Amino acid sequence: MSSMTEPLVRRLRPFTSTIFAEMSALAVSTGAINLGQGFPDTDGPASMLAAAQQAIADGANQYPPGPGIPELRQAIAEARLADYGQRFNPDTEVLVTVGATEAIAAAVLALIEPGDEVIVLEPFYDSYPAAVAMAHGVLVPVRLRPCGDPAIGRFALDPQALADAVTDRTRLILLNSPHNPTGTVLTHAELAAVAAVAIDRDLIVVTDEVYEYLTFADGDAAGPGTGDGAADGARPVPHLPIGTLPGMAERTLTVSSAGKSFNVTGWKIGWVCGPAPLVAAVRAVKQFLTFVGGAPFQPAVAGALRTEREWVGGLRKSLQDKRDRLCDGLTAAGFEVVRPQGTYFVVADIRPMLRRAGSAADTDGLTFCRTLPDRCGVVAVPQQVFYADPAAGAHFVRFAFCKRDEVIDEAVRRLAGSSV
Ligand code: PMP
Ligand code: GLN
């Protein structure tokens with residue numbers, strides 16, 4: 001094969017187009033409602049948007065400092081302390097990145113040698129295998145499995161499966177909670193199991209917490225996974241950063257992003273916090289990926305972290321209502337859903353719907369999603385692309401509910417009337 005006809009290096013060939021790009025393009029070309037790619041269709045806090053405009057007017061248009069502007073690093077450190085009691089030195093233990101995506105890629109590139117193994121929760125966010133491939137690493141998935149009644153159940157981590165996945169080549173555990181796409185918020189017991197393995201085998205944990213503020217009350221107050229027996233049924237499932245567990249601060253890099261917390265996915269302001277040597281390693285790589293980014297957005301995000309916490313609380317509440325709206329609608333339309341505890345995604349099992357419609361079609365979420373816009377004008381994301389073995393996730397598709405109520409209602413109406 002000529003290097004001109006197939007120029008992309010072999011290890012990156014599986015990653016030529018992301019499922020989000022494919023499905024969003026399909027939404028545009030068909031005019032379908034896009035419940036695929038996870039981006040909100042309303043704006044973030046007005047004061048934050050105004051602050052970014054003002055920053056441009058004030059001339060914040062050149063390279064910011066490599067680690068991020070001090071004001072933002074300080075605001076991130078303050079937020080981690082206020083929210084979780086985590087203490088980070090803003091000068092040495094906080095690094096601003098171009099979204100969480102860069103933080104994760106830079107961390108993987110910085111921390112693994114060729115051939116090292118990286119454990120990820122499966123289904124996994126699409127950038128994880130790509131980052132591991134870029135670093136010549138080996139992806140080792142540990143599957144989250146649905147447990148309990150779908151209406152109140154969750155995808156759960158099997159601690160034994162995690163322990164069994166560790167080998168002498170394991171270097172990193174790349175964790176994600178609240179978890180995209182399943183909506184699982186890892187419990188204290190699950191996190192403690194991960195921590196025990198990490199400490200026992202001397203592993204680094206990179207924890208992707210971009211949905212840290214987007215957790216909801218369980219569908220059933222007494223349902224599994226709350227860990228706190230939320231008797232009033234209204235308290236959101238608590239998000240617990242693994243870096244707060246005993247023995248974990250020194251081996252954990254915590255990643256988050258303004259995109260999800262403040263409805264600005266296009267701003268790409270993310271960050272990573274952790275012990276100085278680990279953050280310095282990530283910084284070494286980051287400076288040659290992008291050097292810096294988002295000069296006028298950095299002061300705006302700093303301000304929002306300080307003054308718009310109530311807005312984030314409102315976002316959480318509204319997303320919880322949207323979760324219920326979409327879950328109820330999908331259920332009525334014939335899907336079986338696992339009600340998510342966090343994020344803005346819901347995973348739906350398409351098999352009951354296919355069965356009910358007497359469809360002889362093979363259960364294939366990818367085909368289902370590629371034909372859904374033509375059948376009923378809705379876009380979803382097939383979950384199989386988040387599995388090493390696509391067959392394992394072929395019956396699941398993911399819908400995003402970070403959309404206006406009328407958009408969700410119209411999507412549900414179309415799905416209910418669709419032919420399979
Ligand atoms: N991690 C997860 C789990 C995500 O869902 C996303 C998508 N936003 C990202 C990372 C990427 O975040 P960012 O847009 O800040 O790069
Ligand atoms: N995080 C978003 C999702 O899961 C997509 C981001 C992207 O398109 N890279 O839908």
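For the structure, check the block above.
This text gives an overview of the structure that appears in the document. On a predicted model such as this, the values are computed, not experimentally measured, just so you know. Counting starts from 1 at the beginning of each chain's written sequence and moves along it residue by residue. Going through the entries in the order they are written, you letter the chains from A and number the ligands from 1. For this predicted model, a pLDDT threshold of at least 70 governs which residues receive local features, and a threshold of 80 or more governs which side-chain atom pairs are given and counted, while totals over whole chains, interfaces and linings are taken from all residues. For the side-chain quantities, the full set of heavy atoms in the structure was used; hydrogens and water were omitted.

### As for the overall build of the protein chain
Then, number 1: Check the secondary structure of the protein chain and you find 14 helices and 14 strands.
Then, number 2: Along the longest, intermediate and shortest principal axes, the C-alpha atoms of the protein chain span 60 × 55 × 50 Å.
Then, number 3: With a 1.4 Å probe rolled over the protein chains alone, any residue whose accessible area is under 20% of its type maximum counts as buried; one over 50% counts as exposed, and the rest are partly exposed. For the protein chain, buried positions account for 55% of its 420 residues.
Then, number 4: Considering only intrachain contacts with a sequence separation of at least 6, the fraction spanning at least 24 residues in the protein chain is 74%.
Then, number 5: Areas reported as accessible are Shrake-Rupley estimates using a 1.4 Å probe. Residue values count occlusion only from the protein chains shown. Accessible surface, the protein chain: about 16,700 Å² in total, of which carbon and sulfur atoms supply 54%.
Then, number 6: Charge separation in the protein chain, taken as the distance between the mean sites of 36 positive and 46 negative side-chain charges, equals 3 Å. Secondary structure follows DSSP: runs of H or I at least 4 residues long count as helices, runs of E at least 2 residues long count as strands, and numbering of each begins at the N terminus. Here, residues are in contact when the closest pair of their heavy atoms is within 4.5 Å. Under the counting rule used here, the positive set is Lys and Arg, the negative set is Asp and Glu, and His together with the chain ends is not counted. In this description, the location of a charge corresponds to atom NZ of lysine, CZ of arginine, CG of aspartate or CD of glutamate.

### Side note on the nonpolar core
Then, number 1: One finds Phe335 and Phe399 to be the most contacted residues of the largest nonpolar core, which totals 99 residues.
Then, number 2: Of all the elements, helix 4 (residues 99-111) adds the most residues to this core, at eight residues.
Then, number 3: If we skip the residues at most four places from it in the chain, Phe335 touches Leu330, Ala348, Asp349, Ile350, Met353, Phe368, Phe399 and Leu415.
Then, number 4: In this text, buried Ala, Val, Leu, Ile, Met, Phe, Trp, Tyr and Cys residues form a nonpolar core when linked through side-chain atoms within 4.5 Å. Counting residues in hydrophobic clusters, the runner-up holds 28 residues, among them Ile173, Leu186, Leu191 and Ala195.

### Brief notes about the packing of aromatic side chains
Then, number 1: Paired rings are identified among Phe, Tyr and Trp, the last through its six-membered ring, by centres lying within 6.5 Å, and are further divided according to the angle between planes into stacked (under 30 degrees), edge-to-face (over 60) and tilted (the rest). Summed over all chains, the structure comprises twelve aromatic pairs.
Then, number 2: Plain terms: the ring middles of Tyr344 and Phe345 are 5.4 Å apart, the flat faces sit at 75° to each other, and that makes the pair edge-to-face.
Then, number 3: Three or more aromatic residues link up through ring pairs in this structure, and these residues are Phe20, Tyr125, Tyr128 and Phe386.
Then, number 4: Remark: a charge is flagged as sitting over a ring if the NZ atom of Lys or the CZ atom of Arg is within 6 Å of the ring centre and within 35 degrees of the ring normal. The side chain of Arg375 reaches across the aromatic face of Phe368, ending 4.8 Å from its centre.
Then, number 5: Here the guanidinium or amino end of Arg398 rests over the ring plane of Phe345, the centre of that ring lying 3.5 Å away.

### Details of the site of ligand 2
Then, number 1: Contacts to ligand 2 come from Phe20, Gln37, Gly38, Tyr125, Asn180, Tyr211, Lys260, Phe345 and Arg398.
Then, number 2: At a separation of 3.5 Å, a nitrogen atom of ligand 2 approaches a polar side-chain atom of Lys260.
Then, number 3: For this analysis, a polar contact is any N or O atom pair within 3.5 Å, provided that within protein one partner can donate a hydrogen and the other can accept it, and provided that sequence-adjacent residues contribute only side-chain to side-chain pairs. In the environment of ligand 2, an oxygen atom lies 2.6 Å from a nitrogen or oxygen atom belonging to the side chain of Arg398.
Then, number 4: For ligand 2, the accessible surface in isolation is 300 Å², of which the surrounding protein chains cover 79%. One heavy atom suffices: a residue is near a molecule or strand as soon as one of its heavy atoms comes within 4 Å of it.

### Overview of the sheet that holds strand 5 (residues 154-157)
Then, number 1: Read across the open sheet, the eight strands follow the order 2-9-8-7-6-3-4-5; overall the sheet is mixed. At either end of the open sheet lies a strand with only one pairing partner, and these are strand 2 (94-98) and strand 5. Direction aside, the axes of adjacent strands within the sheet are offset by 25° on average.
Then, number 2: Pairing between strands requires that DSSP locate at least two bridges from one strand to the other. Bridge analysis of strand 3 (residues 117-122) against strand 4 (residues 138-147) gives six bridges, and the strand direction is parallel. Across the sheet, Glu122 pairs through a bridge with Arg143, a residue of strand 4.
Then, number 3: Note on method: axes are straight lines fitted to C-alpha atoms, helices fitted across the in-contact stretch only, with angles between N-to-C directions ranging 0 to 180 degrees. Each of strand 2 and strand 9 (269-273) is contacted by helix 10 (residues 297-307), which is oriented at about 65° to strand 9, the strand it contacts most.

### Remarks on the environment of Gly293
Then, number 1: Its place among the elements puts Gly293 in the loop between helix 9 (276-289) and helix 10.
Then, number 2: In this structure Gly293 comes out as partly exposed when scored by relative accessible area, which is 24%.
Then, number 3: When neighbours within four sequence positions are excluded, Gly293 is seen to be in contact with Pro64, Val98, Ile269 and Gln298.

### Some words on the side chain of Ser261
Then, number 1: Within the secondary structure, Ser261 sits in helix 8 (residues 258-261).
Then, number 2: Ser261 has contacts with Val210, Tyr213, Trp311, Val312 and Leu315, leaving out every residue within four places of it along the chain.

### Focus: the site of ligand 1
Then, number 1: As a structural note, the neighbourhood of ligand 1 is formed by 13 residues, with Thr101, Asp208, Tyr211, Ser257 and Lys260 the closest of them.
Then, number 2: Within the backbone of Ala100, a nitrogen or oxygen atom sits 2.8 Å from an oxygen atom of ligand 1.
Then, number 3: The side chain of Asp208 places a nitrogen or oxygen atom 2.5 Å from a nitrogen atom of ligand 1.
Then, number 4: Out of a free accessible area of 390 Å², ligand 1 has 93% covered by protein chains.
Then, number 5: Its residues assigned to classes, the shell around ligand 1 shows five nonpolar, five polar and three charged. Gly falls in the polar group here, along with every residue not listed as nonpolar (Ala, Val, Leu, Ile, Met, Phe, Trp, Tyr, Cys, Pro) or charged (Asp, Glu, Lys, Arg).

### Let's talk about the pairing of strand 14 (residues 396-400)
Then, number 1: Within strand 14, five of the five residues are buried, which leaves the element mostly enclosed by the surrounding structure.
Then, number 2: Burial along strand 14 is two-sided: Phe396, Arg398 and Ala400 facing one way and Val397 and Phe399 facing the other are all buried.

### Observations regarding the environment of Val378
Then, number 1: Following the sequence through the fold, Val378 ends up in strand 12 (residues 378-379).
Then, number 2: Judged by its relative accessible area of 0%, Val378 is buried.
Then, number 3: C-alpha of Val378 to C-alpha of Leu144: the two residues are 234 residues apart in sequence and 27 Å apart in space.
Then, number 4: Not counting chain neighbours up to four residues away, the residues in contact with Val378 comprise Ala32, Ile33, Leu35, Leu372, Pro373, Phe399, Ala411, Arg414 and Leu415.

### Some thoughts on the sheet that holds strand 13 (residues 381-382)
Then, number 1: With antiparallel pairing, the four strands of this open sheet are ordered in space as 10-11-14-13. Each edge of the open sheet is held by one strand with a lone partner, namely strand 10 (336-338) and strand 13.
Then, number 2: Note: strand 10 against strand 11 (residues 345-349), three bridges, orientation antiparallel. Counted as the bridge partner of Val337 is Ala348 from strand 11.
Then, number 3: Running over the sheet, helix 11 (residues 309-332) touches strand 10, strand 11 and strand 14 and is turned about 15° from strand 11.

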